[in-house]
Amino acid sequence: MHTIFRQHARNRDEITLQLEFFARLAVRNCEDDVGVRRYTGMMKALFDRYLPSAVNPDLADTEAVQGALSDGYDASLHEMLLDSVPERVAVVGLDYRYLYTNQPNADFHLKRPSDFIGKSLVDVMPPELYHSRAKPRLDQCFAGARVHYNYETTDAAGRMYDVRCRMTPFIGPSKAIAGAVIVLTMQPMFAPVA
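So, here is what we can say about the structure in this document. Please read these numbers as outputs of a predicted model, since none were measured by experiment.

Moving on, we get to the pattern of salt bridges. With the rule as written, the count across this model stands at four salt bridges. In this structure, Arg 112 engages Asp 115 in a salt bridge whose closest nitrogen and oxygen atoms are separated by 2.7 Å. With a relative accessible area of 27%, Asp 115 lands in the partly exposed category. Salt-bridge contacts for Asp 139 lead to Lys 135; the nearest nitrogen and oxygen are separated by 3.1 Å. Of this pair, Asp 139 and Lys 135 both sit in helix α8 (residues 127-142), four residues apart, roughly one helical turn. Given a relative accessible area of 26%, Lys 135 falls into the partly exposed group.

Here it is as structure tokens:
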């Protein structure tokens with residue numbers, strides 16, 4: 001999110017894409033007052049950045065970021081913390097779409113974390129595995145269960161891993177289940193050959 005915010009658009013289409021990104025986040029999280037204020041604050045900073053005004057653009061950026069990170073919530077700190085753990089972490093909504101993924105999970109898939117936002121799990125994993133393994137367990141998690149299971153996988157370089165998957169219900173601002181937090185712990189299956 002902050003990477004997209006910090007990018008300086010080169011043309012009108014890129015400006016529109018940036019603004020639409022934060023507008024979608026605000027709408028998607030409309031029940032989260034802090035989130036809506038953060039996203040609309042970032043949108044205001046983008047308007048100030050790209051529209052001519054008497055406001056100093058550097059000052060507008062600084063004020064918007066400070067406002068967006070108010071109320072004790074620092075998204076960049078939370079993202080840095082989750083990016084620093086070795087586990088792959090993702091949050092999936094009740095519609096089976098990614099709300100968040102950390103850098104280790106994105107690296108495993110050879111993508112950027114932002115590539116996952118709004119994307120369905122069935123678009124990221126083979127459909128047969130989605131329907132036989134992931135979806136039934138996500139449905140259990142969405143019903144309130146904590147789910148644990150193991151499976152084997154291969155990364156892009158062909159290395160095999162035993163994966164321990166833990167799914168925990170994600171409780172939204174309204175105190176209802178809004179999705180699942182998925183934590184994947186990877187263990188190499190074979191020792192490296194010297």
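On we go.
Another point: the packing of aromatic side chains. Taken as a whole and judged by the stated rule, the model has four aromatic pairs. Ring centres 6.2 Å apart and planes at 90 degrees place the aromatic pair Tyr 96 and Tyr 130 in the edge-to-face group. Taken together, the residues span a long stretch of sequence, with Tyr 96 in the loop between β1 (88-93) and β2 (98-101) and Tyr 130 in helix α8 at a distance of 34 residues. Since its relative accessible area comes to 16%, Tyr 96 is described here as buried. A residue is classified by how much of its surface remains accessible, and Tyr 130, at 5% relative accessible area, is buried. Here the aromatic residues Tyr 96, Tyr 130 and Phe 142 are joined through ring pairs into a cluster of three or more. One Lys or Arg, Arg 88, reaches over the ring of Phe 108 and ends 3.9 Å from the middle of that ring. Taking NZ or CZ as reference, Arg 137 lies 4.0 Å from the ring centre of Tyr 149, over its face.

If you trace the five strands from one edge of the open sheet to the other, you get β2-β1-β5-β4-β3, paired in antiparallel fashion. At either end of the open sheet lies a strand with only one pairing partner, and these are β2 and β3 (147-154). Here the strands of the sheet are splayed against their neighbours by 25 degrees on average, with no regard to which way each runs. With three bridges connecting them, β1 and β2 associate as antiparallel partners. If you follow Ala 90 over to β2, its bridge partner there is Thr 101. The strands touched by α8 within the sheet are β1, β3, β4 (160-171) and β5 (177-188), with β3 carrying the most contacts at an inclination of about 160 degrees.

The rules behind these values
Residues numbered from 1 in each chain as written. Predicted model: local features only at pLDDT ≥ 70, side-chain atom pairs only at ≥ 80, totals over all residues. Heavy atoms only, no water. Salt bridge = Lys/Arg side-chain N within 4 Å of Asp/Glu carboxyl O. Buried < 20%, exposed > 50% of the residue type's maximum accessible area, 1.4 Å probe, protein only. Helix = DSSP H or I, 4+ residues; strand = E, 2+ residues; numbered from the N terminus. Phe/Tyr/Trp six-rings, centres within 6.5 Å; stacked < 30°, edge-to-face > 60°. Lys NZ or Arg CZ within 6 Å of the ring centre and 35° of its normal. Pairing = 2+ DSSP bridges. Axes fitted to C-alpha atoms, helices over the stretch in contact; angles between N-to-C directions. Contact = heavy atoms within 4.5 Å.

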